[in-house]
Amino acid sequence: HIEDVGEANRIVLLVTGDVIPARSVNYQSTVRNDFLWPYRNIAETVADADITFINLETPLIKDCPITQVGMVFCGSDKHIAGLQLMGVDVASIANNHAGNAGVRGLGETIQLLEKNKIEVTGDVTPVFKKVKGVTFGFLGFNDISGGVEGIQSAQLELIKNSITETRKNADVVVVMYH
């Protein structure tokens, strides 16, 4: 049962599909020396959400090779500024490309996100965010091959148990399934 709670109590949750600042996007950002370039036109709209939950489908690392081809993704760690500009609150790493730079790149990405106040799910733990008295729990699962250790795979029992456990501490559970 959903009631009109009025503007003051309305909560805007923005959930994206794949965010991939890699390949051509990373190349263009690098040659322009502008890592806000891919985000600037949408940032104001996206940043208005109370919570923004993205699927970050690329590692963000210091030594990402610049390329415009291939299916092995990485982006410069400088893209963190764009994610901040958009107001990203939670990032799921549960996908087939987050591990493209191996366990080291995944770890570097998680540290970068957390250092910049973007919480990470899709590893083994849920993220909880409270907005206007409502607690949200965020989970991420990957059902496409190509993951590395530390990325939550989509196994039915694991998903059910994770949702049940998260629900104990959340009014709303949001699952990113890739």
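See the structure shown above.
What counts, and at which threshold
- Residues numbered from 1 in each chain as written.
- Predicted model: local features only at pLDDT ≥ 70, side-chain atom pairs only at ≥ 80, totals over all residues.
- Heavy atoms only, no water.
- Core = buried A, V, L, I, M, F, W, Y, C linked by side-chain atoms within 4.5 Å.
- Buried < 20%, exposed > 50% of the residue type's maximum accessible area, 1.4 Å probe, protein only.
- Helix = DSSP H or I, 4+ residues; strand = E, 2+ residues; numbered from the N terminus.
- Contact = heavy atoms within 4.5 Å.
- Pairing = 2+ DSSP bridges.
- Phe/Tyr/Trp six-rings, centres within 6.5 Å; stacked < 30°, edge-to-face > 60°.
- Axes fitted to C-alpha atoms, helices over the stretch in contact; angles between N-to-C directions.

**Q** Explain the nonpolar core to me, please; I cannot follow it from the model alone.
**A** Generally speaking, nonpolar side chains in soluble globular proteins are found buried as a group. Counting 22 residues, the largest nonpolar core has Ile54, Leu56, Leu83, Met86, Leu113 and Ile118 as the members making the most contacts within it. Breaking this core down by element, the ones donating at least two residues are helix 2 (40–47), strand 2 (51–56), helix 3 (80–85) and helix 4 (102–115). Ignoring sequence-local partners within four residues, the contact set of Leu56 consists of Val19, Pro21, Leu83, Ala91, Ser92, Ile93, Asn95, Ala98, Thr109 and Leu113. Phe53, Val90, Phe138 and Met176 belong to the second-largest nonpolar core, a separate cluster that totals nine residues.

**Q** I'm lost on the pairing of strand 2 in this one. Help?
**A** It is a general feature of regular strands that their side chains alternate between the two faces of the sheet. Counted residue by residue, strand 2 has six buried out of six residues, so it is predominantly covered. Burial of the side chains of strand 2 extends over both faces: Ile51, Phe53 and Asn55 are buried on one face and Thr52, Ile54 and Leu56 on the other. Judged from the five bridges that link them, strand 1 (residues 13–19) and strand 2 form a sheet pairing that is parallel. What sits directly across from Leu14, in strand 2, is Thr52.

**Q** Got a minute to help me understand the packing of aromatic side chains in this structure?
**A** Working definition: an aromatic ring pair is given by the centre-to-centre distance plus the angle between the planes. By the definition in use, this model includes two aromatic pairs. Note on Phe53 and Phe138: the rings are 4.9 Å apart at their centroids and 65 degrees apart in plane angle, and the pair reads as edge-to-face. Highlighted residues: Phe53 in strand 2 and Phe138 in strand 8 (residues 134–141), separated in sequence by 85 residues. The same class applies to Phe53 as to Phe138, namely buried.

**Q** Help me out: how do you make sense of the environment of Gly17 in this one?
**A** Looking at where Gly17 falls in the secondary structure, it is placed in strand 1. Take Gly17: its relative accessible area is 45%, and that puts it in the partly exposed class. A C-alpha to C-alpha distance of 16 Å links Gly17 and Thr45, two positions 28 residues apart in sequence.

**Q** In this structure, what is going on with the sheet that holds strand 8? I would like to understand it.
**A** The strands making up a sheet associate through hydrogen bonds between their backbones, and the pairing can be parallel or antiparallel. If you walk across this open sheet you meet the three strands as 7-8-9, and the pairing is mixed. Strands at the two margins of the open sheet, each flanked by one partner only, are strand 7 (127–131) and strand 9 (172–177). On average, each strand axis in the sheet is tilted by 25 degrees relative to the strand beside it, whichever way the strands run. Across five bridges, strand 7 lies against strand 8 in antiparallel orientation. Its bridge partner lying in strand 8, Lys129 is registered against Phe136. Contacts from helix 5 (residues 156–167) reach strand 7, strand 8 and strand 9, with the element oriented near 165 degrees to strand 8.

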